[in-house]
Structure formats: C-alpha cells, structure tokens
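Close look at the chain arrangement
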Amino acid sequence: MPKLVAYIRVSTGQQEAAYGPQAQLERIKTWAETHDAQIAKTFTEAISGVVAGADRPILTDAIAYARSHNLDGLIFADASRVARDAMQAEGLYHLLWNFGLSIYLADLGEVDRDDPARAFIRQMFALVAEYERAMIRVRTHGARKLRAKRGLRLTGKYPFGYVESDGKITQDESEQFQRSIMDEGRAKGAGWTKIARALNEAGYRTRRGNEWSGVSVKYAYEAGEPALAIIKAVCR
C-alpha cells in the first residue's frame, strides 16, 4: 500500500472545471481507492505549469512533508498537473526521483524511470500537456481580440452604471439613476458621505448589497472615469 502526498496544481486564472482542485482531488481519490493507496495529505498550489518544480513553494512543502514522514511519493491528477512544459516536467520527475520519491499519475499509475517504453509514453504526455497550454493561449488571445473589437472589457467589472448583457455593453437603469444622484450631489458641492447617506435613505445599495459609504461612493464614481467616454460612445 503506497502512502502518498497528493499535489494539486491550478494555473493562476484558470477556471476550467476539468482542472479545478475538487475535480483533481476526486480523480486522485478514485485512483487511490482502486489501487489500495493511502493519501496522507493534500497540497494545493495556484501557479503556472511552466514554473520549475524547485521554484514552487507549495510543491517544496509537499516534497519536504513526504520525506519527513517517510512516505512513498507524490501523486498528481495527470501529466498536465505536473507541468505544462515538457522540459520542466522531466526536470520535476528527476527531482523527485533524486529525493527517493516515487511519482504517480491518477490516469497512468506509477511513472517508471527505467522502462524506455514507459519513458516514451511519459514524455509524450508531457508534450501533449505543453501543446494544450499553447492551444489555451491561442484561444484566449483570440477571445480577447474579439471582445476588444466589440468594445467589451477583457477583465474586471464595468464602471458603475454599465453592465454587459448578451455580449453588449448596456446601461443599468438602477445604477444610472444612482449615478445621477451622485452627479447632482457633486454639482452642489456635497461630500461623498452626504451622497452616500442620500443613496441609503433612498433604499439603494452597492453592487455587493452593502450600504453606501463615502469611500464606496467615491470609488464607484471615480474608478471607471477613464473608460466612461469609450463606453458611452459604444452604447449610443
């Protein structure tokens, strides 16, 4: 019965459910149950798959834990969770082997360092992971170009008073009215706190459902100012 540390890696910003922490853990647990293995502890790290193993702090902790507790090795959900770069993957494999640790993939089993045929398969899977990463970058770049062409934001939220609906920038009626209260208050020289009080008394709340404060009014009013001219032009 191998005793292992489960290492889960998610790319920063990666939202694909197939590679989420829970999905990875389920794959690892399924493999462990069917192969009579024990998962001693799980480590999760949000880091790019092209970062070298020695430069991943959580992975370093996982290795240290496995060694200090005399465990057999580490298990990953699949080759793409080891690395998204073939050279980095091989480097990480050999790093673990040099520490006396075995490596397991939930979709392939134990990674054999000596069998030439299994080494070939291992390296092919690493190349597939690298290819997938390249394709993700291509799709993301294409999607961003399309959104930019349509005048849509690439990331983050729209300025207060505007939302995205069905792939288009539109005015939010409630937020536009609140913005008009802010505009009127500023035109009369009212401070942010006084404007917040007026909004709260009228029953309005922030996007998060909280009562307005002077700070939140100031942020909502000023944060998106540089983008407003462009957005207003798009909404015409």
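Residues numbered from 1 in each chain as written. Predicted model: local features only at pLDDT ≥ 70, side-chain atom pairs only at ≥ 80, totals over all residues. Heavy atoms only, no water.

Time to look at unusual backbone geometry. One non-glycine residue with positive phi stands out, namely Asp36, at about 55°. Structurally, Asp36 is set in the loop between α1 (21–34) and β2 (38–46). (Helix = DSSP H or I, 4+ residues; strand = E, 2+ residues; numbered from the N terminus.)

Further remarks concern the packing of helix α6 (residues 173–187) against helix α7 (residues 192–201). The contact between α6 and α7 brings their axes to 10 Å, and the two run at 140°. Considering the relative orientation of α6 and α7, their crossing is right-handed. Between α6 and α7, the residues in contact are Gln178, Ile181, Met182, Gly185 and Arg186 and Trp192, Ile195 and Leu199, respectively. The residue inventory of the contact of α6 with α7, partitioned by class, reads 5 nonpolar, 2 polar and 1 charged. (Axes fitted to C-alpha atoms, helices over the stretch in contact; angles between N-to-C directions. Left-handed = near helix turned anticlockwise from the far one by under 90°. Contact = heavy atoms within 4.5 Å. Nonpolar A, V, L, I, M, F, W, Y, C, P; charged D, E, K, R; others polar.)

Here we come to the sheet that holds strand β4 (residues 102–105). Here we have 5 strands laid out as an open sheet, ordered β2-β1-β3-β4-β5, and mixed in their pairing. For this open sheet the edge positions go to β2 and β5 (109–110), each flanked by a neighbour on one side alone. Across the sheet, α1 touches β1 (3–10), β2, β3 (73–76), β4 and β5, and the angle it forms with β1 is around 155°. Packing of helix α2 (residues 57–68) onto the sheet brings it into contact with β1, β2 and β3, and relative to β2 it is tilted by some 165°. (Pairing = 2+ DSSP bridges.)

When pLDDT is averaged across the protein, the result is 78; 69% of the residues are at 70 or more. At the level of individual helices and strands, the protein shows its lowest average pLDDT in helix α9 (residues 225–235), which scores 46, and its highest in β3, which scores 96. Note on residues 226–236: pLDDT under 50 across the span, and 14 contacts to partners over four residues away in sequence or across chains. (pLDDT = per-residue confidence, 0-100.)

Right, let's talk about α2 for a bit. It helps to recall that an α-helix has 3.6 residues per turn; residues three or four apart then point in one direction. If you check α2, its first and last C-alpha atoms are 16 Å apart, about what 12 residues at 1.5 Å a residue would give, namely 16 Å. Summarising the contacts, the buried residues of α2 are in contact with β1, β2, β3 and α4 (86–98). A positive phi of about 55° marks Asn70, the residue just after α2. (Expected span 1.5 Å × (residues − 1).)

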